[in-house]
Amino acid sequence: MAAGRSFLLLPLFLLTLSFSPACLPNSEDDALLQLKRSFAPSSSLSSWIPNSSACSARWLGVYCTNNLVVGLHLSNMALSGTIDVDALLRLPGLRSIGFVNNSFSGPIPQFNKLTALKALFLTTNQFSGPIPPDFFASLAAIKKIGLSGNNFSGDIPNSLARLPLLVELRLDDNGFSGAIPSFTQHFRSFNVSNNRLEGPIPDELASFGGTSFSGNPGLCGKVVGKECEEEARQQGATSGEKRTGLVRAVITVIMVSIVVMLIIVLIKTARRQEGNRNMGGIGVRKDGGGEEVVQVHVPSSNHSRTSGSTKKGSNSVSKRNAVGDLVMVNEEKGVFGLPDLMKAAAEVLGNGGMGSAYKATMSNGLSVVVKRMREINKISRDSFDAEMRQFGRIRHPNILAPLSYHYRKEEKLIVSQYIPKGSLLYVLHGDRGTCHGDLHWPTRLKIVKGIARGLSFLHSEFGSHDLPHGNLKSSNVLLSDAYEPLLTDFAFHPLINPSSAPQALFSYKTPDYIQYQQVSRKTDVYCLGTIILEIMTGKFPSQYHSNGKGGTDVVQWVLTAIAEGREAELIDPDIKTNDTESLSHMLQLLQIGASCTESNPQQRLNLGEAIRRIEEVQV
Ligand SMILES: *[C@@H]1O[C@H](CO)[C@@H](O)[C@H](O)[C@H]1NC(C)=O
């Protein structure tokens, strides 16, 4: 009877297994609990409890990406006992570990089994004894090692000198003895002070300054103000000469590459300037985070000369079209036609992914932005009209809806109100003038909340669109005089040539398209996250450049810093504060930005959840 029952239950159990993996005990959570058991009993890890999930329940010190544990940083927790490295081996995504400022003692645990490790911090514990010379040989991916403030002794392991990616090595405040190995890496941070090291300080390390070597009476070299003995000096000289040769070769290669790059840039600039001259441009200035702004002066009195100084396409527009050809979709700012635009004083604002934008100030004083939509070509007049009328009906405090448009097969213009303060991109990264100074924390939070509200509105207004916004980035967020954000350039996805979309829309520069070849409504969440990280760090995201060069990869930077428990360092120094409460709210918002930029769309917050969490953040 009982056997029969379990026979029936088995297929059911298997079904459960295959369809709801989330309900199974997660082996990563299990591994962490195994690790916890190896520590001496402590109340610090009270959040680590069975039947909860390390990643979703956010166990203290555990950092996840896509629900995979990638970082473990247990700092200042008075932990002692052993560290079960075999438990850590069960965390395949683990790249960064830290046990900073605890009470672990004994020989160094076998962290060298974790061969994918990128960072290891054991700073300020009581680890002791020598470390075998080849201990680090298996850690080929490691970039940062911190062993400061322990009682390690014996030689500095030679294997450290052969780690190709190592950029940070802190061995200060230990009992290491013997000579400093011949390191060949280009360290960003290096410190061996307060040990018992002897012999000459290698030339290429001297640049770190005396404080990196002090407290080692046996060390010699200019940098510690102590001449080395003759023999040691000559040895240093020969190996130094060899290295100087190498350094020279490297410098030559770098110089040649720089010259080649310069030439390429010059050629490109020259070509672009030629293009601008064709548009009547007379000056180019770099501005606002690399956006190019071209000032064009168009004589406003003479109609035909006006046409003559704009591009060919516009020429034919202006000559052939009558007033009626500008279709008003929103008359709140008044009614105007193409001739009013043609007579206006005009200025080229810049070239975006979708076309160029002009500012026109009409004789009635109204300033508008006219966008020539280069990439909208394959759409019928009816669909375009319908789309524009829907745009025109939009009324939301965080959306800048178009006022009018012009449609011809070969020319599409969209006209909207000109916003004097300019874009968030410009105010954040531009001339750092007075406006940037106004961007204190409450203002930044207000901007983020406004963007989130505008985006939420677009998601309901364009409920059936794959990409309700599709092009959310700081250059498409304008700021009102009161710093209320206004979203522009939204919902163009259905209007755009599919072949041009990857160039025209920021959505196509996200992991959704690059890694998963599919944009979706979640892609807007990623773009929102990027803006949040941009606002909180004050850094220009490299994501905005089509070639990924220049700017900061804010997504990766934030991820790494959070994994290493250094998130406070991310906050833009201009808003950084000693007020711990404000700081915790800033970090809360930063964390939301990080969750929104989760690279796997499935693991990413959905917009509703993101907005709910953003609204919870207090000044
Ligand atoms: C090196 O470490 C010592 C001791 O921890 C510290 O006093 C010194 O400032 C450090 N120097 C550098 C350049 O980091």
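This one's a predicted model, so the numbers in the text were calculated from it and none came from an experiment.

### Observations regarding the sheet that holds strand S6 (residues 126–130)
Link 1 in the chain: The strand order across the open sheet built from 6 strands is S4-S6-S8-S10-S12-S13, with neighbouring strands paired in parallel fashion. Pairing within the sheet leaves two strands with one partner each, and these edge strands are strand S4 (105–106) and strand S13 (218–220).
Link 2 in the chain: Taken together, the 2 bridges between S4 and S6 define a ladder with parallel strand orientation. Residue pairing across strands places Ser105 opposite Gln126, the latter belonging to S6.

### Looking at the packing of helix H11 (residues 441–461) against helix H14 (residues 521–537)
Link 1 in the chain: As a packed pair, H11 and H14 sit with axes 11 Å apart at the nearest point and diverge in direction by 170°. It follows from the interaxial angle that H11 and H14 lie roughly antiparallel. Contacts from Trp441, Arg444, Ile447, Val448, Ile451, Ala452, Leu455 and His459 of H11 reach H14 at Arg521, Asp524, Leu528, Ile531, Ile532, Ile535 and Met536.
Link 2 in the chain: Partitioning the contact of H11 with H14 into residue classes produces 11 nonpolar, 1 polar and 3 charged.

### Considerations on the sheet that holds strand S11 (residues 189–191)
Link 1 in the chain: In spatial order, the strands read S1-S2-S3-S5-S7-S9-S11; together these 7 strands make up an open sheet with mixed pairing. Across the chains shown, the open sheet's two edge strands, defined by having one partner strand only, are strand S1 (62–65) and S11. The average undirected angle you get between the axes of adjacent strands in this sheet is 15°.
Link 2 in the chain: Of the pairings in the sheet, the one linking S1 to strand S2 (residues 68–73) comprises 4 bridges and is antiparallel in character. Within the sheet, the bridge partner assigned to Val62 lies in S2 and is Leu72.
Link 3 in the chain: Each of S1 and S2 is contacted by helix H2 (residues 27–38), which is oriented at about 20° to S2, the strand it contacts most.

### Some thoughts on the pairing of strand S12 (residues 196–200)
Link 1 in the chain: Pairing between strand S10 (residues 175–178) and S12: 2 bridges, direction parallel. Paired with Gly178 across the strands is Leu197, a residue of S12.
Link 2 in the chain: When S12 meets S13, the two strands line up parallel, connected through 3 bridges. Paired with Pro200 across the two strands is Cys220, which belongs to S13.

### What about the site of the ligand?
Link 1 in the chain: Inspection of the region around the ligand gives Arg170, Asp172, Asp173, Asn191, Ser193, Asn194, Thr211 and Ser212 as its neighbouring residues.
Link 2 in the chain: Asp173 places a polar side-chain atom, nitrogen or oxygen, 3.2 Å from an oxygen atom of the ligand.
Link 3 in the chain: The side chain of Ser193 places a nitrogen or oxygen atom 3.1 Å from an oxygen atom of the ligand.
Link 4 in the chain: Within the complex, 55% of the 360 Å² of free accessible area of the ligand lies under protein.
Link 5 in the chain: Among the residues forming the shell around the ligand, the class breakdown is no nonpolar, 5 polar and 3 charged.

### Details of the pattern of salt bridges
Link 1 in the chain: Evaluation of the coordinates by the stated rule reveals 14 salt bridges.
Link 2 in the chain: Residue Arg170 is joined to Asp172 by a salt bridge in which the shortest nitrogen-to-oxygen separation is 3.0 Å.
Link 3 in the chain: The buried category is assigned to Asp172, whose relative accessible area is 7%.
Link 4 in the chain: As a salt-bridge pair, Arg566 and Glu569 come within 3.0 Å of each other at their nearest N and O atoms.
Link 5 in the chain: Within this structure, Lys144, Glu564, Arg566 and Glu569 form a network of salt bridges that share partners.

### Section: H14
Link 1 in the chain: The first and last C-alpha atoms of H14 sit 25 Å apart over 17 residues, in line with the 24 Å expected at 1.5 Å per residue.
Link 2 in the chain: The element H14 is largely enclosed, with a buried count of 15 among its 17 residues.
Link 3 in the chain: Positive backbone phi, approximately 75°, marks Gly538, located one or two places after H14.

Cut-offs used in this document
Residues numbered from 1 in each chain as written. Predicted model: local features only at pLDDT ≥ 70, side-chain atom pairs only at ≥ 80, totals over all residues. Heavy atoms only, no water. Pairing = 2+ DSSP bridges. Helix = DSSP H or I, 4+ residues; strand = E, 2+ residues; numbered from the N terminus. Axes fitted to C-alpha atoms, helices over the stretch in contact; angles between N-to-C directions. Parallel < 35°, antiparallel > 145°, perpendicular 65-115°, else oblique. Contact = heavy atoms within 4.5 Å. Nonpolar A, V, L, I, M, F, W, Y, C, P; charged D, E, K, R; others polar. Near = heavy atom within 4 Å. Polar contact = N/O pair within 3.5 Å; in protein donor to acceptor, adjacent residues only side chain to side chain. Areas by Shrake-Rupley, 256 points an atom, 1.4 Å probe, with all protein chains shown as cover. Salt bridge = Lys/Arg side-chain N within 4 Å of Asp/Glu carboxyl O. Buried < 20%, exposed > 50% of the residue type's maximum accessible area, 1.4 Å probe, protein only. Expected span 1.5 Å × (residues − 1).

Everything listed is a geometric property; what it means functionally is a separate question.
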